[in-house]
Amino acid sequence: KLLYVSLINQHKGDTTRAKAGFDLLAHYNPFFEDGVIAAANFFSKQNPEAFTAYNILAEAVQINTTSYRLWMAYAEEATRVGFDNYAVIAFEEAESLKRRK
């Protein structure tokens, strides 16, 4: 429910409430991929120069190491912020997970 409420608040322009919801989603459960990725997307759009979205995804893949979706999101964010070496490693990890399934 928190994800949908946060998305609705974001859509309505209530960034204060949206931020509070996405803060929880970012760190509460790294196995809730939709919530983590939505939180990272929110913070990436709110402040593209900050590393908030990168940090959210970096923490998530350290705990949920088997999530293809999180590794891909992390790789894309690493590319966006200029961490090309980390992005290459993340893309390789994602491809490795994809081949295992």
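Overview of the structure.

What follows concerns the pattern of salt bridges. With the rule as written, the count across this model stands at 6 salt bridges. We note a salt bridge from Asp 34 to Arg 69, for which the minimum N-O separation is 2.7 Å. Highlighted residues: Asp 34 in helix α3 (residues 33-46) and Arg 69 in helix α5 (residues 68-81), separated in sequence by 35 residues. The exposure class of Asp 34 is partly exposed, given its relative accessible area of 37%.

Topologically, Asn 64 is positioned in the loop between α4 (52-63) and α5. Judged by its relative accessible area of 4%, Asn 64 is buried. Once you skip the residues sitting within four places of it in the chain, Asn 64 turns out to touch Pro 30, Phe 31, Glu 33, Leu 70 and Trp 71.

So, about the packing of aromatic side chains. Counted according to the given criterion, the structure contains 7 aromatic pairs. With 5.0 Å between their ring centres and 80° between their planes, Tyr 54 and Phe 83 make a pair best called edge-to-face. Within this pair, whereas Tyr 54 is found in helix α4, its partner Phe 83 is found in the loop between α5 and α6 (84-100), the two being separated by 29 residues in sequence. Grouping aromatic residues by their ring pairs yields a cluster made of Phe 51, Tyr 54, Trp 71, Tyr 74, Phe 83 and Tyr 86.

What counts as what
- Every residue gets a number counted from 1 within its own chain, in the order that chain's sequence is written.
- Predicted model: local features are reported for residues with pLDDT of at least 70 only, side-chain atom pairs are reported and counted for 80 or more only, and whole-chain, interface and lining totals are derived from all residues.
- Remark: hydrogens and water are excluded; side-chain values derive from all non-hydrogen atoms of the structure.
- Take a side-chain nitrogen of Lys or Arg and a carboxyl oxygen of Asp or Glu: if they are within 4 Å of each other, that pair is a salt bridge.
- Helix and strand labels come from DSSP, where a helix needs a run of H or I of at least four residues and a strand needs a run of E of at least two; each type is numbered from the N terminus.
- Categorising residues by exposure relies on relative accessible area from a 1.4 Å probe, with only protein chains included: less than 20% of the type maximum marks a residue as buried, more than 50% marks it as exposed, and the intermediate range marks it as partly exposed.
- Residues are treated as being in contact if the distance between any of their heavy atoms lies within 4.5 Å.
- Each aromatic pair joins two rings of Phe, Tyr and Trp (for Trp, the six-membered one) with centres within 6.5 Å, and gets the label stacked for planes under 30 degrees apart, edge-to-face for over 60, and tilted for any other angle.

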